[in-house]
Amino acid sequence: MRNYEIMFIVNPNVVDDEIDKINSQVEGIITTGGGTVVKVEKMGKRRLAYPVDKFRDGSYVLFTITATGEVVKETERRLRVMDTVIKYLTVRMDEDNRRQDKIKAHRQKRALRRSTNSANRSAPEQPMDEK
Amino acid sequence: MAIQKQYYRRKKVCKFCVERIDSINYKDVKLLSQFVPERAKIMPRRISGVCSPHQRRLTDAIMKARNIALLPFATE
């Protein structure tokens, strides 16, 4: 199981209710394949950087999921078939997340070391002050 | 007499290293668009000063963003 982000653009003429319907459909595909949906985010209507199928705007939807490659393959196939979805992108996130956690842990360790070092340095000063 | 250097060129630093930006995400259009000049090409390292590991990630992110129409491939 890996973490993925699936982002897709829905035709701008589609109303909000129908986007919800598409979302539940996609969610259904993922859960039936044994994956889990972590987060669904509707990013709203945005201007596209270039025209796609003669549309200049589009409603963005972002799915954060945990699933196998098979599920992603199936989801992508279904997205391709839907005519309201004009573009999609799947990005694998787990490697990137792991890298970030590593950096974060490393930074925390360094910060901890630094704080203990400064504590040791200031420790001998205190009794001298008391005298 | 030796010719004096007229310009003092400021040393460029990698924005991502200095500001400690860990993740270069394809969704962060605001950040990415700083490295995409007018013609929508990716800014070379010699101009932006980004270090090579970060430039690699930046390029990846920009390419992903282009794919989902967050950034243009070229200006028309």
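A. Molecular detail of the overall build of chain B. A count of helices and strands for chain B gives four helices and zero strands. Traced from its N-terminal end to its C-terminal end, chain B shows the element sequence α-α-α-α. Taking 76 residues into account, the globule formula puts the C-alpha radius of gyration at 11 Å, and chain B, at 15 Å, lies well above it. Within the span of chain B, comprising 76 residues, buried residues form 21% of the whole. A separation threshold of at least 6 residues defines the contact pool for chain B, and within that pool the share at least 24 residues apart is 70%.

B. The arrangement of the domain arrangement of chain A in detail. In terms of domain boundaries, chain A breaks down into domain 1 (2-92) and domain 2 (97-124). If you average the C-alpha positions of domain 1 of chain A and of domain 2 of chain A, the two centres end up 40 Å apart.

C. Just the sheet that holds strand β3 (residues 55-67) of chain A, in detail. Residues and elements named next belong to chain A. A sheet is described by the order of its strands in space; here four strands give the open sequence β2-β3-β1-β4, paired in antiparallel fashion. Sheet topology places β2 (36-52) and β4 (85-92) at the edges, where each strand pairs with a single neighbour. Direction aside, the axes of adjacent strands within the sheet are offset by 20 degrees on average.

D. Quick look at the environment of valine 81 of chain A. With respect to the element layout, valine 81 of chain A can be found in helix α2 (residues 69-81). For the pair valine 81 of chain A and glutamate 27 of chain A, spaced 54 residues apart in sequence, the C-alpha separation works out to 16 Å.

E. The arrangement of the pairing of β2 of chain A in detail. Residues and elements named next belong to chain A. Bridging between β2 and β3 involves eleven bridges; their strand directions are antiparallel. Within the sheet, the bridge partner assigned to lysine 45 lies in β3 and is serine 59. Hairpin connection, β2 to β3: the antiparallel pair is bridged by two residues, and aspartate 53 has positive phi, about 50 degrees.

F. How the structure looks around the pairing of strand β1 (residues 2-10) of chain A. Residue and element names in this part refer to chain A. Of all nine residues in β1, seven are buried, a share of seventy percent or more. Two elements, β1 and β3, share nine bridges in a ladder whose sense is antiparallel. Within β3, the position partnered with arginine 2 by the bridge is alanine 67. Of the pairings in the sheet, the one linking β1 to β4 comprises seven bridges and is antiparallel in character. Considered in β4, the bridge of glutamate 5 is made with valine 91.

G. Focus on helix α1 (residues 16-32) of chain A. For α1 of chain A, which comprises 17 residues, the first-to-last C-alpha distance of 24 Å matches the rise-based estimate of 24 Å (1.5 Å per residue) to within 8%. In the stretch just after α1 of chain A, glycine 34 of chain A is the one whose phi turns positive, near 95 degrees.

H. Summary view of unusual backbone geometry. In this structure, aspartate 53 of chain A takes a positive phi of about 50 degrees despite not being glycine. Along the chain, aspartate 53 of chain A falls in the loop between β2 and β3. Positive phi outside glycine occurs at alanine 69 of chain B, with the angle close to 65 degrees. Of note, alanine 69 of chain B is situated in the segment after α4 (52-67). Residue alanine 69 of chain B is classed as buried on the basis of its C-beta count, with 23 C-beta atoms lying within 10 Å.

Parameters at a glance
Counting restarts for each chain: residues are numbered from 1 in the order of the written sequence. As a convention, the first chain written is A and the first ligand written is 1, with the rest following in written order. Local features in a predicted model are, by the rule used here, given only for residues with pLDDT of at least 70; side-chain atom pairs are given and counted only at 80 or more, and totals for whole chains, interfaces and linings are based on all residues. Put simply, DSSP marks the helices as runs of H or I at least four residues long and the strands as runs of E at least two long, and each gets a number from the N terminus on. Every radius of gyration here is taken over C-alpha atoms, with the globule rule written as 2.2 Å times N^0.38, N being the number of residues. The exposure scheme places C-beta atoms from the backbone and then counts, for each residue, the other C-beta atoms within 10 Å of its own, assigning buried at 20 or more, exposed at 12 or fewer, and partly exposed in between. Here the contact rule is simple: place C-beta atoms from the backbone, and any two residues whose C-beta atoms are within 7 Å are in contact. Note that the domain bounds reflect an automated or database-derived domain assignment. Pairing between strands is defined by DSSP: at least two bridges between them are needed. Interaxial angle, 0 to 180 degrees, is taken between N-to-C directions of lines fitted to C-alpha atoms, where a helix line uses only the stretch in contact. Here the expected length of a helix is defined as 1.5 Å per residue gap, with one fewer gap than residues.

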